[in-house]
Amino acid sequence: MSVSSTRFVPASPSRSDSHVVAVLGPTNTGKTHLAIERMLGHQTGIIGLPLRLLAREIYDRIAAQKGPRTVALVTGEEKIIPREARWFVCTVEAMPLDRPFDFLAIDEIQLCADPERGHVFTDRLLRARGRLETMFLGADTVKTLIRRLVPGHELIQRERLSRLFYTGEKKLSRLPRRSAVVAFSSADVYAIAELIRSQRGGAAVVLGALSPRTRNAQVALYQSGEVDYLVATDAIGMGLNMDIDHVAFAGLHKFDGLAVRKLTPGEMGQIAGRAGRHLRNGSFGTTGEVGPLDPEMVERLENHHFDPITQARWRSGDLDFTSLPGLLRSLEQAPPNEVLLRARDAEDYLTLRALAGDQEVADQARSRGSLRLLWQICQIPDFRKTLHDQHVRLVRAIFLHLGKPDGVLPADWVARQMTQLDRIDGDIDTLSTRLAHIRTWTYVSHRAEWLADPKQWQERARSIEDRLSDALHARLTQRFVDRRAAMLSRSLDDGPNLTADIAADGTVAVAGEPVGRLDGLAFRPLEGAGQHRALRAAANRVLGDALRKRATRLAEAADEAFDLRDDGAVTWDGAVVAHLGPGDSVLKPRFRIVGARDLDGPARSAVQGRLERWLDRRIERRLGLLRRLTAAELGGPARGIAFQIAEGLGAVPRRAVADQLDHLVLAERHKLKRLGVQFGEANLFLPALLKPEAARLAAILHAARRDEAVVAPPRPGLTSVRVEGAPRPEDWWRSVGFQLCGGRAVRLDILERVAELARAANEAGPFEPGPEILALLGCSKPEVAPALQALGYRRREGERFARRMADARRQHRPPRLAAPPVDPSSPFAKLKELAR
């Protein structure tokens, strides 16, 4: 917002009789408090402040002290002016300088050097005077500039009431309580606030884009102690009085409207100075990836040594309202001397320049009165700060409406503009955008001459802004504050004195607040609690003994207390205590104990040993044949076959052991058969392991060996299944008792039964697949033919086929089958290759 063109008109006595005082010093020197006391000592007074939030804070303080009828509040968006008002609290831009006051004060006068708002403060420095006393408050850096622009003033130097010292860089998790973390973009503020929520329970957030009501609510959240951390932009550097002990810089660069630049020492000093109030010392440092500050910067911040301000931003207040080009030229006028520097093109000027090229606007802005009106409308603030073209269109519409004969904004048009903003749904960004829009309308509603019923629209705009502000505060609090975790975080200062206990249901509480649950052998912290080291240390004091007792109970538990879930997790009394992983062999998987890091060595060994003994017995009951097979006294070829069957969890392709079969003597073959091995046409396998429980355990052990998720075997009772979903390797199908045959998987014993039926059919002559084969395979008749062909069956070579099969069996090796070509897309295409 820019300065009004209205010039200050001093009352008698003349402005030369006004006693001008410059009260300069660093932050926390009591300058603003002094000015308020001086103002209340006069019959009338006015103070201009840099922020609406600060103006409201001081207004509330004076109203409580002197009564609400004696004090006025004037900002761009809010006007409370009782008839009997003697003291005015204003933002600098909104000061009514056409009224005389005995006392006048401007706070943060060093902002006269600010590229965007500086010309407003410079105008006040040059023009605004109280009849009896004028006071300029600010940093030491502006001393030389005031001496040049305001000769004959009195200088009062104020020393900081407390010391400010540097504490170096700290991680966010190590920042002390009552810390403010300063970043320079909303994205960074939100990211840091979320991190603090996860580590310390939460943080309040303060950004310049928030509405005053939302900022007040967030500041109150911090001031009340509900949270101990504040994340803010440099908005906190302008006079907001909060109980901050430490300021941490999360960045040293900011976007100033034109480019990203490094913070000046003076800006850093203004922000760091928020730490420590009254006589309490404060500290500052860095966090995140900023790194430590260099020693020279530290010395300047600690001792408040900053470069003096030598130039002030200036824009002419003598505006030419004779024509639109003349108004633009007067705003572009060069400064009268080298001390004054032309202000950056402000928002109001840019809006006016954009509208100057609009013929309809230019036609309407031909008189002095219409030009003054256009300039006033151009000073409507754009709180969105991103969509200048949209703001220009709004200003244009307002000007054209006000230029009509009735001279007021149409009620139905204003109602539509406000109604579309009267919604509290959406996320933080959505609510922030609506708030920016409605704040503009709040400003418009306080221009009484623009509306037929200004009070109605003021109340409507204020009501919408309040609802949106409350909704935004609720969203911010919901996203960035965990009140339970914040309360626990405040208990961390007790350190070793924190008390912890475990309830009968396993709930672990520290300082009376639940922080997690003991589930089996693992402590599972609640969200956020696991990040607190002191909290975890307190919990560990009771967890250590409790876990040792639980480990002893587990080591002494009966087998019935344990179970192996379908996903491979081992449970004890219903709680997961371990998962299986790759071990020495497929029958010796390794246990990954859940919560092992919380167990001491002896307890961990006891748990490991007990789980191994339980699983050994379970494997013995379900897959004991595999162990007996590998332990049997066998010759070389038979021993190799036995090993491969065991590694395959009960089956091996015949082709994979063809060399061993060629050298396998009849006696060794009989030994293997007595151990349960069936020599099939396609596979060597153990039919006893085709039972559902054995297949289920085999699937779990197969997944453990590969260290992957368990895939459940086909449903018990199925003789074949259609292969669907993600492809599975052939060895997985074989380990659960099935043979992959193109688009279907057939159980191993069923595949051998089909081969026997095919042989019998060939010996008897031509045949058609009957109900028995269809029932065995569980498929349709068209799917049977490829299976028979894959097994080597040919209708016209029945006797020859049977003779060759018999010869092959006598020679203990698979026959060479002369089968016709098979369609590779058929469900049983792979059986032909297996038969070979």
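Note that the structure is a prediction, hence the values are computed from the model and not measured.

**Quick word on helix α5 (residues 186–200)**
- Its 15 residues place the ends of α5 20 Å apart at the C-alpha level, agreeing with the 21 Å of an ideal helix rising 1.5 Å per residue.
- Taken together, the buried positions of α5 are occupied by V189, Y190, I192, A193, I196, R197, Q199 and R200.
- A positive backbone phi angle near 100° is found at G201, which sits one or two residues after α5.

**Thoughts on helix α13 (residues 388–402)**
- The end-to-end C-alpha distance of α13, which contains 15 residues, comes to 21 Å, matching closely the 21 Å that a straight helix rising 1.5 Å per residue would cover.
- Those residues of α13 lying buried are H391, V392, L394, V395, I398, F399, L400, H401 and L402.
- Residues of α13 that are buried make contact with α10 (347–356), α11 (359–364), α12 (368–378), α14 (411–419) and α15 (428–445).

**Details of the sheet that holds strand β4 (residues 79–80)**
- Strands sit in the order β4-β3-β5-β2-β6-β7-β1-β8 across an open sheet of eight strands; the sheet is mixed. At either end of the open sheet lies a strand with only one pairing partner, and these are β4 and β8 (154–157).
- Note that strand β2 (residues 45–49) and strand β6 (residues 103–106) share four bridges and pair parallel. By the bridge assignment for β6, G48 is matched with I106.
- Its contacts with the sheet place helix α1 (residues 31–40) against β1 (19–24), β2, β5 (87–91), β6 and β7 (133–138), and it is angled at close to 165° to β7.
- Against the sheet, helix α2 (residues 52–66) touches β2, β3 (71–74), β4 and β5, its axis set at about 165° to β5.

**Focus: the nonpolar core**
- V231, L352, L374, I377, I398, L409 and W441 are the most contacted members of the largest nonpolar core, which totals 63 residues.
- The biggest single contributor to this core is helix α16 (residues 454–480), with eight residues.
- Residues within four places of I398 in sequence aside, it is in contact with I377, I380, L409, W413 and V444.
- Judged by nonpolar contacts, the second largest core, of 57 residues, contains V510, V570, V586 and L697.

**As for the sheet that holds strand β10 (residues 179–182)**
- If you walk across this open sheet you meet the six strands as β9-β16-β13-β10-β12-β11, and the pairing is parallel. The sheet is open, and its two edges are formed by β9 (164–169) and β11 (204–206), each paired on a single side. Shown here is a sheet whose adjacent strand axes are inclined to one another by a mean of 25°, direction ignored.
- Of the pairings in the sheet, the one linking β10 to strand β13 (residues 246–249) comprises four bridges and is parallel in character. Paired with V182 across the two strands is F249, which belongs to β13.

**What to know about the packing of aromatic side chains**
- A full pass over the atoms with the stated rule returns seven aromatic pairs.
- When the ring of F88 is compared with that of F101, the centres are 5.2 Å apart and the planes differ by 65°; the resulting orientation is edge-to-face. Here F88 is found in strand β5, whereas its partner F101 is found in the loop between β5 and β6, with 13 residues between them in sequence.
- Its relative accessible area of 1% is what places F88 among the buried residues.

**Thoughts on the packing of helix α9 (residues 324–331) against α12**
- One can describe the packing of α9 onto α12 by two numbers: an axis separation of 10 Å at closest approach and a directional angle of 50°. Our classification of the angle between α9 and α12 gives oblique. Taken as a pair, α9 and α12 cross one another with a handedness that is right-handed. Between α9, through L324, L327 and L331, and α12, the contact on the second element is made entirely by L371, L374 and W375.
- Split into classes, the residues belonging to the contact of α9 with α12 amount to six nonpolar, no polar and no charged.

**Topic: unusual backbone geometry**
- In this model, R178 sits at a positive phi of 60°, which is unusual for a non-glycine residue.
- Relative to the assigned elements, R178 resides in the loop between β9 and β10.
- The phi angle at D573 is positive, at roughly 50°, despite the residue not being glycine.
- With respect to the secondary-structure elements, D573 resides in the loop between β24 (569–572) and β25 (575–585).

**What about the pairing of strand β12 (residues 229–232)?**
- Burial along β12 is two-sided: Y229 and V231 facing one way and L230 and A232 facing the other are all buried.
- Taken together, the three bridges between β11 and β12 define a ladder with parallel strand orientation. Bridging across to β12, V205 finds its partner in V231.
- A crossover connection joins β11 to the parallel β12 through helix α6 (residues 212–223); in handedness this β-α-β unit is right-handed.

**Re the packing of α12 against α13**
- Contact pair α12 / α13: the axes reach a minimum separation of 10 Å and the direction vectors enclose 150°. At the point where α12 passes α13, the crossing takes the right-handed sense. Only V395, I398, F399 and L402 of α13 make contact with α12, whose side of the interface consists of S370, L373, L374, I377 and C378.

**Digging into the confidence of the model for the protein chain**
- The predicted model of the protein chain has a mean per-residue pLDDT of 84, with 84% of residues at 70 or higher.
- Considering each helix and strand of the protein chain separately, the mean pLDDT is smallest for helix α29 (residues 829–835), with a value of 49, and largest for β6, with 97.
- Under a pLDDT of 50 for its full length, residues 1–16 has, in the predicted model, 44 contacts with residues more than four places off or in other chains.
- Here residues 825–830 scores under 50 on pLDDT; set against residues more than four positions off or in separate chains, the count is 24 contacts.

**Considerations on the pattern of salt bridges**
- Scanning the model with the defined rule gives 57 salt bridges in all.
- Residues R553 and D573 are paired through a salt bridge, measuring 3.8 Å at the closest nitrogen-oxygen approach. Separated by 20 residues along the polypeptide, R553 in helix α18 (residues 533–555) and D573 in the loop between β24 and β25 bring together distant segments of the chain.
- Sharing partners across several salt bridges, the network here consists of R52, R56, D60, E77, E78, R439, R462 and E465.

**A word on the environment of G624**
- With respect to the helices and strands, G624 occurs in helix α19 (residues 601–631).
- On the basis of relative accessible area, G624 is assigned to the buried category, the value being 3%.
- Each C-alpha atom, one on G624 and one on L689, is 9.3 Å from the other, the two residues being 65 residues apart in sequence.

Rules used throughout
- Think of each chain on its own: its residues are numbered from 1, step by step along the sequence as written.
- Residues qualify for local features only when their pLDDT is at least 70, as the model is predicted, and side-chain atom pairs are given and counted only at 80 or more; totals for whole chains, interfaces and linings, by contrast, use all residues.
- As a rule here, side-chain values come from all non-hydrogen atoms in the structure, and water together with hydrogens is ignored.
- Numbering goes from the N terminus for both helices and strands, where a helix is a DSSP run of H or I of at least four residues and a strand is a run of E of at least two.
- Helix span, expected: 1.5 Å multiplied by one less than the number of residues in the helix.
- Each residue's exposure class comes from its accessible area (1.4 Å probe, protein chains only) as a fraction of the maximum for that residue type: buried when under 20%, exposed when over 50%, partly exposed otherwise.
- The contact criterion used throughout is that any non-hydrogen atoms of two residues lie within 4.5 Å.
- Any two strands with at least two DSSP-identified bridges between them are counted as paired.
- Axis definition: a line fitted to C-alpha atoms, limited for helices to the stretch in contact. Angles are taken between N-to-C directions and run from 0 to 180 degrees.
- The definition of a nonpolar core used throughout is a set of buried Ala, Val, Leu, Ile, Met, Phe, Trp, Tyr and Cys residues joined through side-chain atoms within 4.5 Å.
- Stacked, edge-to-face and tilted are the three classes for Phe, Tyr and Trp ring pairs, Trp counted by its six-membered ring, which pair at centre distances within 6.5 Å; planes under 30 degrees apart are stacked, over 60 edge-to-face, the rest tilted.
- Should an angle fall under 35 degrees it is called roughly parallel, over 145 degrees roughly antiparallel, and 65 to 115 degrees roughly perpendicular, with every other angle called oblique.
- Crossing handedness is defined as follows: a turn of the near helix away from the far one that is anticlockwise and smaller than a right angle gives a left-handed crossing, while the clockwise case is right-handed.
- Residues are grouped as follows: Ala, Val, Leu, Ile, Met, Phe, Trp, Tyr, Cys and Pro are nonpolar; Asp, Glu, Lys and Arg are charged; all remaining types, including Gly, are polar.
- When the strands point away from the viewer, a crossover counts as right-handed if the path from the first strand over the helix to the second runs clockwise.
- The predictor rates its confidence in each residue with pLDDT, a number between 0 and 100.
- The salt bridge criterion pairs a side-chain nitrogen of Lys or Arg with a carboxyl oxygen of Asp or Glu, the two atoms within 4 Å.

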